[in-house]
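What follows is the residue order along each chain.
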Amino acid sequence: MSNDSLTRKLGFWSALAIAVGTTVGSGIFVSSGDVAKAAGMPSISILAWIIGGVIAIPQVMVLAELATAYPQNGSGYVYLNKAGWRPLAFLYGWATFWALDPPSISIMALAIVAYLASFFPFFVGITGKLLGVAIILIITSIHYRSVKAGGSFQVIITAIKIIPFLIVIVLGLMYMNFDNFAYTPVAGATSSSLIGGVSATTWAYTGMAAICFMAGEFKNPGKVLPRALISSVLIVLGLYTLLAVCVTGLMPFDKLMGSSSAVSDAVKYIPGLSGMASSFVAVTAIIVILGSLSSCIMFQPRLEYAMAKDGLFFQRFAKVHPKFETPSFSIIAQVTLACILVFFSNLTELLGYFTLIQLVINILDFAAVYKCRKREDYNPIYRMPMWRVTTILAILGAGWLAWGTFTWAPVQGMIAAAIVIATGLPVYYYWEKKYGSKSSHDSRNIVI
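Rules behind the numbers
Residues numbered from 1 in each chain as written. Predicted model: local features only at pLDDT ≥ 70, side-chain atom pairs only at ≥ 80, totals over all residues. Heavy atoms only, no water. Helix = DSSP H or I, 4+ residues; strand = E, 2+ residues; numbered from the N terminus. Rg over C-alpha atoms; globule rule 2.2 N^0.38 Å. Buried < 20%, exposed > 50% of the residue type's maximum accessible area, 1.4 Å probe, protein only. Contact = heavy atoms within 4.5 Å. Areas by Shrake-Rupley, 256 points an atom, 1.4 Å probe, with all protein chains shown as cover. Lys, Arg positive; Asp, Glu negative; His and termini not counted. Charge placed at Lys NZ, Arg CZ, Asp CG, Glu CD. Core = buried A, V, L, I, M, F, W, Y, C linked by side-chain atoms within 4.5 Å. Axes fitted to C-alpha atoms, helices over the stretch in contact; angles between N-to-C directions. Parallel < 35°, antiparallel > 145°, perpendicular 65-115°, else oblique. Left-handed = near helix turned anticlockwise from the far one by under 90°. Nonpolar A, V, L, I, M, F, W, Y, C, P; charged D, E, K, R; others polar. Disulfide = S-S within 2.5 Å. Polar contact = N/O pair within 3.5 Å; in protein donor to acceptor, adjacent residues only side chain to side chain. Salt bridge = Lys/Arg side-chain N within 4 Å of Asp/Glu carboxyl O. Expected span 1.5 Å × (residues − 1). Arc of directions from axis to C-beta. Phe/Tyr/Trp six-rings, centres within 6.5 Å; stacked < 30°, edge-to-face > 60°. Lys NZ or Arg CZ within 6 Å of the ring centre and 35° of its normal.

*Asks:* With reference to specific residues and values, describe the overall build of the protein.
*Replies:* Counting its regular elements, the protein contains 17 helices and 0 strands. For the protein, the C-alpha radius of gyration of 22 Å lies close to 22 Å, the compact-globule estimate for 448 residues. Classification of the 448 residues of the protein by burial places 56% in the buried group. Partitioning the contacts of the protein with sequence separation of at least 6, the portion at a separation of at least 24 is 83%. Accessible surface for the protein amounts to roughly 18100 Å². Of this, 69% is attributable to carbon and sulfur atoms. Seen as two clouds, the 29 positive and the 17 negative side-chain charges of the protein have centres 7 Å apart.

*Asks:* Talk me through the environment of I287; I want residue IDs and the actual numbers.
*Replies:* Along the chain, the position of I287 falls in helix 12 (residues 277-299). Between the C-alpha atom of I287 and that of S26, which follows or precedes it by 261 residues, the distance is 9.7 Å. For I287, the residues in contact, after removing those within four places along its chain, are I157, I160 and K161.

*Asks:* Would you mind going over the nonpolar core in detail, with residue names and values included?
*Replies:* Within the largest apolar cluster, 145 residues are counted, with the highest numbers of intra-cluster contacts made by Y77, I136, I211 and F218. Discounting chain neighbours no more than four positions away, the residues touching Y77 are R86, A89, F90, Y92, L303, A306, M307, D310 and L312.

*Asks:* So what's going on with the packing of helix 5 (residues 86-116) against helix 6 (residues 125-145)? Which residues, and what values?
*Replies:* The geometry of helix 5 relative to helix 6 is characterised by a closest axis approach of 9 Å and an angle of 120° between their N-to-C directions. Judged by the inter-axis angle, helix 5 sits oblique to helix 6. In terms of crossing hand, the pair formed by helix 5 and helix 6 is right-handed. Contact with helix 5, carried on its side by I105, A109, L110, I112, V113 and L116, involves G128, K129, L131, G132, I135 and I136 of helix 6 and no other residues of that element. Class assignment for the residues of the contact of helix 5 with helix 6 results in 9 nonpolar, 2 polar and 1 charged.

*Asks:* Residue-level account of the packing of helix 6 against helix 12, with values.
*Replies:* At their nearest, the axes of helix 6 and helix 12 sit 9 Å apart, and the two run at 55° to each other. Compared by their axis directions, helix 6 and helix 12 come out oblique. The two elements helix 6 and helix 12 meet at a crossing, and its hand is right-handed. Facing helix 6, whose interface residues are I135, I136, I139, T140 and H143, helix 12 presents L290, L293, S294, I297 and M298. Along the lines of polarity and charge, the residues of the contact of helix 6 with helix 12 split into 7 nonpolar, 3 polar and no charged.

*Asks:* Describe the state of the cysteines, listing the residues and the values that go with them.
*Replies:* Within the structure shown, the criterion is met by 0 disulfides. Among the cysteines around C339, which has no disulfide bond, C296 carries the closest sulfur, lying 14 Å off. Given the relative accessible area of 11%, C339 is considered buried. Here C372 is not disulfide-linked; the sulfur of C212 is the nearest cysteine sulfur, at 13 Å.

*Asks:* Tell me about the side chain of N73, and please be specific about residues and values.
*Replies:* With respect to the helices and strands, the residue N73 is situated in the loop between helix 3 (42-69) and helix 4 (76-82). A distance of 2.8 Å separates the side chain of N73 from the backbone nitrogen of G216, its partner in a polar contact. Within the structure, N73 has its side chain in polar contact with the side chain of E217 (distance 2.9 Å). Once residues lying within four places of it in the same chain are set aside, the contact partners of N73 are L6, V78, F213, M214, A215, G216, E217, R302, Y305 and A306.

*Asks:* I'd like a rundown of the environment of F12, residues and numbers included.
*Replies:* Inspection of the secondary structure puts F12 in helix 1 (residues 12-23). Once the C-alpha coordinates of F12 and P221 are considered, the two residues, 209 residues apart in sequence, prove to be 8.9 Å apart. Residue contacts for F12: discarding those within four places in its chain leaves V224, R227, A228 and S231.

*Asks:* With reference to specific residues and values, describe the pattern of salt bridges.
*Replies:* If you walk through the whole model with that rule in mind, you get 8 salt bridges. The shortest N-O distance in the salt bridge between K82 and D377 comes to 3.9 Å. A residue pair is termed long-range when its members are at least 10 positions apart, and K82 in helix 4 and D377 in the loop between helix 15 (347-372) and helix 16 (387-408) qualify at 295 residues. On the accessibility criterion, K82 (7% relative accessible area) is buried. Here D310 ties to R86 by a salt bridge, and the two come within 3.1 Å at their closest N and O atoms.

*Asks:* A description of the side chain of S232 should follow, citing residues and the corresponding values.
*Replies:* The residue S232 is located in helix 9 (residues 221-250) in this model. The residues contacting S232, other than those within four sequence positions of it, are L16, A19, V20 and M208.

*Asks:* Give me the lowdown on helix 16, citing residues and values where you can.
*Replies:* Along its 22 residues, helix 16 runs 32 Å from first to last C-alpha, staying within 8% of the 32 Å computed at 1.5 Å per residue. For helix 16, the complete set of buried residues consists of W387, T390, T391, A394, G397, A398, L401, A402 and T405. The buried residues of helix 16 occupy an angular sector of 130° when the element is viewed end-on, so they sit on one face. Turned more than 90 degrees off the buried face of helix 16, the exposed positions are R388, L396 and W403. As for helix 16, its buried residues are in contact with helix 3 and helix 15.

*Asks:* Explain the environment of S345 to me, using residue names and the numbers behind them.
*Replies:* Inspection of the secondary structure puts S345 in the loop between helix 14 (328-341) and helix 15. Judged by its relative accessible area of 59%, S345 is exposed. Spatially, the C-alpha atoms of S345 and I107 are 9.6 Å apart, while their sequence positions differ by 238 residues.

*Asks:* Residues and numbers for the packing of aromatic side chains, please.
*Replies:* Under the defined criterion, the tally for this structure stands at 30 aromatic pairs. Ring centres of W49 and Y240 lie 5.3 Å apart, and the angle between their planes is 65°; on these two criteria the pair is classed as edge-to-face. Of this pair, W49 sits in helix 3 while Y240 sits in helix 9, and the two are 191 residues apart along the sequence. An identical accessibility class is assigned to W49 and Y240; each is buried. Judged by centre distance (6.4 Å) and plane angle (70°), the ring pair of W94 and F313 falls under edge-to-face. Taken as a pair, W94 in helix 5 and F313 in the loop between helix 13 (301-309) and helix 14 lie far apart in primary sequence, 219 residues in all. For the residue pair W94 and F313, the accessibility class agrees, reading buried in each case. Grouping aromatic residues by their ring pairs yields a cluster made of F90, W94, F97, W98, F313, F314, F317, F329, Y428, Y429 and W431. The aromatic ring of F12 is capped on one face by R227, whose charged end is 4.2 Å from the ring centroid.

Coordinates in, geometry out; function isn't part of it.
Structure, rendered in structure tokens:
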């Protein structure tokens, strides 16, 4: 029997696996050294990881309220649209499809190939790129054929990707050198900075909101989404903090501050693993990135599906497979673009430039709760505590990350924003004129 809508088949464990699996990615392998260098002292470095996780808590609380008020696929697009900021909602999805999601899939696939090449050197050049495409297609086949099977796979791969970190944590606690925590900066060295350390952790905590893109496919979303969002922050916070403690305890802090592969270097100090540190970390990285890749292929196409259902994207993206009940065309289109981008270079820079736009709109996502709370149809099952204070904290945290990204590439970020606006607004007004009657009244249903 055919169905033109996605059905609710996923439960709590799938939601938790998607949130944790998206968040814990390859960045953790290098960010420990960056945080240590920015913090300047062991205690401040560890505290930075704790505060970085705490900052994410109000953000997921805001999203939990919005997601239970509007348990639909599309995440920020839905919330901006409900707030009455329909053009911004469209530009969010427009930039995400063309410049953020497919490039991120390509980058992760190529990162997996790079680690595989350390074991199989012939996976370089065109051979490596073809392998990257094959990896994308294999993972896609799982999520294309069944959202339930995709959710189960995500649970399994997320559980597996946590195991190597737990091994490092357990062995690290056994073999750490407590003298490493007594490090004090030498005279004339860079001063310690808690703010700098926290700032260096922010990217490592990004990803929990992935489940909001699939809010329309979770059973009992009013309970599942808040539990999964808040649990994922606490799990990742605990994992990162314990990992930071162990990495700091295993290797001298001055070496940690200068390390570009902190986890790999720390493993060398563990008896029995020192000779295989590179291989251990390579295998761990492959599993970790594979989990993130799977999560992205699963949730990212839901945004364009939601936009197409709303009349603000190519209508074929709203197609639901009659047998598999997945957004089949949206998945195919996204991974096709990702596979093409595998053969391009400098994708990381492209992703960085356009990420500023997404971060700014994320701030508007949190601000949208002020407008949405005035709507007649706003009846969230979960309500965040002290909502005004929580929302302000969420906006400040997102603003901090956006500012850091802007200072990294201000000109490129502004150019990317101009490109999105120049290409997106004409398309928006065309689709709004053609299909706006579908749902434009919905964004005006606000009580003043």
